[in-house]
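For reference, the chains in residue letters:
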Amino acid sequence: MANSIALAFACLAIAGVFFRFTAIRKNAKIAESTGFKVFYSPVYMNETWWLFLHKFIVPFLELLPSPLTRPWLKTAQRWRLWHYSYEPFEEAGSDTIVMATPSVNMITTCDPVVINQIVSQPRKVQQDPKIMKLLAIWGDNITSTDGEEWKHHRRVVNAGFTPAIHAMVWEEASEQAQTLIDHWATLGSVVPVVKIWMSKLALHVVSATFFHKKLTWKEVDHVPTGHQMGFEQALNTVIRHLQPIALLKARLKWLPFKTTQEAYTAFSEWTAYMKELRQIVLDRLDETAKKPNKSLLESIVVAGATGEAKDALPEDHALGNLFLTALAGHETTANTMAFTILLLAVYPEWQRRVQEQLDQQFDGRERLQWSFDQDYQALQKGPVWAVLKESMRLYNVVQHLYRKTVAPTTLLDSQGVAHEVPAGTLCQFNLGAIWRNPNRWTSRTATDKRREKMRNCPALDFDPERWLSNSDLVNDQDLHVPRFFPFGQGPRQCPGERFAMVEMTSVFATVYKNYSVELVVSQEKLKACGGDKEAAWESAREGAIRTLSEDIVSNINLELWKELPIQIVKRHG
Ligand code: HEM
């Protein structure tokens, strides 16, 4: 009996391998017609079994001779793409390659020309429905749709990003940052994991400006009557359990595990909060519909309720967009702020340059006298934005974007060669590889020896100067397409770009005008360095640079959950 079962399994495994191999061969033939370099990949990065088992399998695959795994093993690990950066393309000897997998052909590229061609042909290249529908948890929304349906969602969401909202973001972000610093002071001014606080801060800003729901540091865990979770906790828990919620939604209720029960409670609580917010607008519908400057919530709900043929959104679509903007609007900005704060603690010389710019700009004016109209634009020219851009270059929180060809498409590459890509090809833009491609971006801040010793940590290349002296921006000045686009490009470019930049500028102005942020040097470290403060600081800095590489994790966003303590110190003079 046991022998028969073993035989049956062996036959199944052989048949599986045979079918996979045949499918790859078939896909590879089609891929070769594109003229891009083609590689076989025995797995497709999004296959369910691979996503579940990779942790156990990858260490064994890494023991195989590299010609057998190059470059597919790196491209198949989507959660490590940021860590591998340009390596798979280096291994492949090309900035655009096609991976022929058992299920789909996937173009993966870090060539800005190819990317620009892809996003410029929205009729032929669209969102991949399989990937984007996962985010349609409450209903279709701006990211889960394409074509005419997407235009509809986009119009409604865009209407919420008004100049009045951006001015509100400026004020709210500054107030939240100041009250957070005051809150930190009550906790001793040492912050072990800055990411956690930046997520809260960014959520507070989104909540106040989009939903008219003011959140404060004291009421973080407040649970209103009739609810089982606070507003903030409900959203954060939904985000933490996004994958099971996306797959099972209300069916989670029937699973008896603690985490699935928690996920279900968060799912139903967040649904209730969104419905309540919607109802508040519905109660003042006529008045709100006439407002020239609607908030995002108002724009979405009014469009859904008035039934105008042009803009009407059913309730599930309205909830879908409310969730999506809350999600897209806070984690991206929060992680970018967290990385930038840590980088400035590692590079105090850049912190000083930021402070000099702020001192000059505000010239003795107190925080409440700063203004969006007078100060936001002025701060874009100088170290504040140079630091932000350099941080987004090295720590691109959105690591990859996807499109799928729905018709045969011609793509030119940076050498001017035309490639014919058939319909049904998945296109992946590897953003980290674009901006850490050593052939395009100069690295001046670390010697090869130091780079080798520190295992090529991205933080070693932090060089905001490149944004101030444009001459050194990139090696290929003759490239006539955008080369740095952390917010995407083309019709689907991030609608929240200005929102995010206003928020981050305002937070950094508030933090660094009156405070410095320093790495914490532990007593053990000081002791280990024989009481030499300078040596202990250097050692803490080396540790921070390593942490900013080895401990970065890739979830929906790139993030650092591990402790990397910093302390907030009042500036003098
Ligand atoms: C540092 C902060 C942010 C970064 C790096 C970022 C980046 C991006 C990127 C790369 C895309 C995809 C573009 C594409 O598919 O080509 C995107 C889309 C989007 N972002 Fe952002 N984003 C940020 C902040 C925000 C904020 C603050 C909001 C809202 C308040 C927002 C809302 C959205 C939405 C709704 C989309 C989908 C657009 C569509 O599919 O039409 N983002 N973002």
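All values derive from a computational prediction rather than experimental measurement.

Enquirer: Help me get a handle on the overall build of the protein chain, residues and values and all.
Expert: Looking only at helices and strands, the protein chain has 26 helices and 13 strands in total. The C-alpha radius of gyration computed for the protein chain amounts to 25 Å, which stays within 12% of the reference 25 Å derived for 573 residues, consistent with globular compactness. Split into buried and exposed, the 573 residues of the protein chain put 54% on the buried side. When contacts within the protein chain are restricted to residue pairs at least 6 apart in sequence, long-range pairs at least 24 apart make up 72% of them. Surface accessibility of the protein chain: about 26,400 Å² in total, with carbon and sulfur atoms responsible for 57%. Across the protein chain, the 64 positively charged side chains and the 62 negatively charged ones have centroids separated by 4 Å.

Enquirer: Can you tell me about the state of the cysteines, naming the residues and giving the values?
Expert: As enumerated under the stated definition, the model contains 0 disulfides in all. Left without a disulfide partner, Cys457 is nearest to the cysteine sulfur of Cys529, which lies 19 Å away. A residue is classified by how much of its surface remains accessible, and Cys457, at 1% relative accessible area, is buried.

Enquirer: Which residues make up the sheet that holds strand β5 (residues 190-191), and what are the values?
Expert: A sheet is described by the order of its strands in space; here 3 strands give the open sequence β5-β13-β10, paired in antiparallel fashion. Bordering the open sheet on either side are β5 and β10 (515-519), each of which pairs with just one other strand. Where β5 and strand β13 (residues 566-570) come together, 2 bridges link them in antiparallel fashion. For Val191, the partnering residue across the bridge sits in β13 and is Ile566. Sitting on the sheet, helix α10 (residues 163-186) is in contact with β5, β10 and β13, with an inclination near 55° to β10. Taken strand by strand, helix α17 (residues 315-346) contacts β10 and β13, and its axis lies near 80° from that of β10.

Enquirer: I'd like to hear about the nonpolar core, residue by residue, with values.
Expert: By size, the foremost hydrophobic cluster in this structure holds 156 residues, and its most contacted members are Met198, Trp270, Phe323, Tyr395 and Leu548. Ranked by residue count, the leading element in this core is α17, at 17 residues. Contacts of Leu548, omitting those with residues within four sequence positions, involve Trp82, Phe339, Leu342, Leu343, Val346, Tyr395, Ala459, Leu560 and Leu564. The next biggest cluster of nonpolar side chains, apart from the first, holds 8 residues, and it includes Met106, Met132, Tyr402 and Leu426.

Enquirer: Just give me the short version of the site of the ligand, but keep the residues and values in it.
Expert: Near the ligand, the surroundings consist of 23 residues, among which Trp150, Arg154, Arg403, Arg492 and Cys494 are the closest. Within the side chain of Arg154, a nitrogen or oxygen atom sits 2.8 Å from an oxygen atom of the ligand. For the ligand, an oxygen atom lies 2.8 Å from a polar atom in the side chain of Arg403. The set of elements that each furnish at least two residues to the shell around the ligand consists of α9 (147-158), α17, β6 (400-405) and α24 (497-514). When residues of the shell around the ligand are assigned to their parent elements, the largest contribution, 5 residues, is made by α17.

Enquirer: An account of helix α12 (residues 231-240) is needed here, citing residue identities and associated values.
Expert: With 7 of 10 residues buried, α12 lies mostly within the body of the structure. Of all the residues in α12, the buried ones are Phe231, Glu232, Ala234, Leu235, Thr237, Val238 and Ile239. If you follow the buried residues of α12, they end up packed against α11 (194-211), α13 (242-248), α14 (258-283) and α17.

Enquirer: I'd like a description of the UniProt feature "binding site: heme" (unreviewed entry) in the protein chain, backed by residues and values.
Expert: Here the UniProt-annotated "binding site: heme" (unreviewed entry) positions come out as Cys494. Mapped onto the elements of the fold, Cys494 is located in the loop between α23 (465-468) and α24. Under the relative-accessibility criterion, Cys494 is labelled partly exposed at 31%. Sequence-distant contacts of Cys494, that is, excluding residues within four places in its chain, are made with Arg154 and Phe487.

Reading the values: rules and limits
- Residues numbered from 1 in each chain as written.
- Predicted model: local features only at pLDDT ≥ 70, side-chain atom pairs only at ≥ 80, totals over all residues.
- Heavy atoms only, no water.
- Helix = DSSP H or I, 4+ residues; strand = E, 2+ residues; numbered from the N terminus.
- Rg over C-alpha atoms; globule rule 2.2 N^0.38 Å.
- Buried < 20%, exposed > 50% of the residue type's maximum accessible area, 1.4 Å probe, protein only.
- Contact = heavy atoms within 4.5 Å.
- Areas by Shrake-Rupley, 256 points an atom, 1.4 Å probe, with all protein chains shown as cover.
- Lys, Arg positive; Asp, Glu negative; His and termini not counted.
- Charge placed at Lys NZ, Arg CZ, Asp CG, Glu CD.
- Disulfide = S-S within 2.5 Å.
- Pairing = 2+ DSSP bridges.
- Axes fitted to C-alpha atoms, helices over the stretch in contact; angles between N-to-C directions.
- Core = buried A, V, L, I, M, F, W, Y, C linked by side-chain atoms within 4.5 Å.
- Near = heavy atom within 4 Å.
- Polar contact = N/O pair within 3.5 Å; in protein donor to acceptor, adjacent residues only side chain to side chain.
- UniProt positions renumbered as here; feature names shortened; annotations may be inferred.

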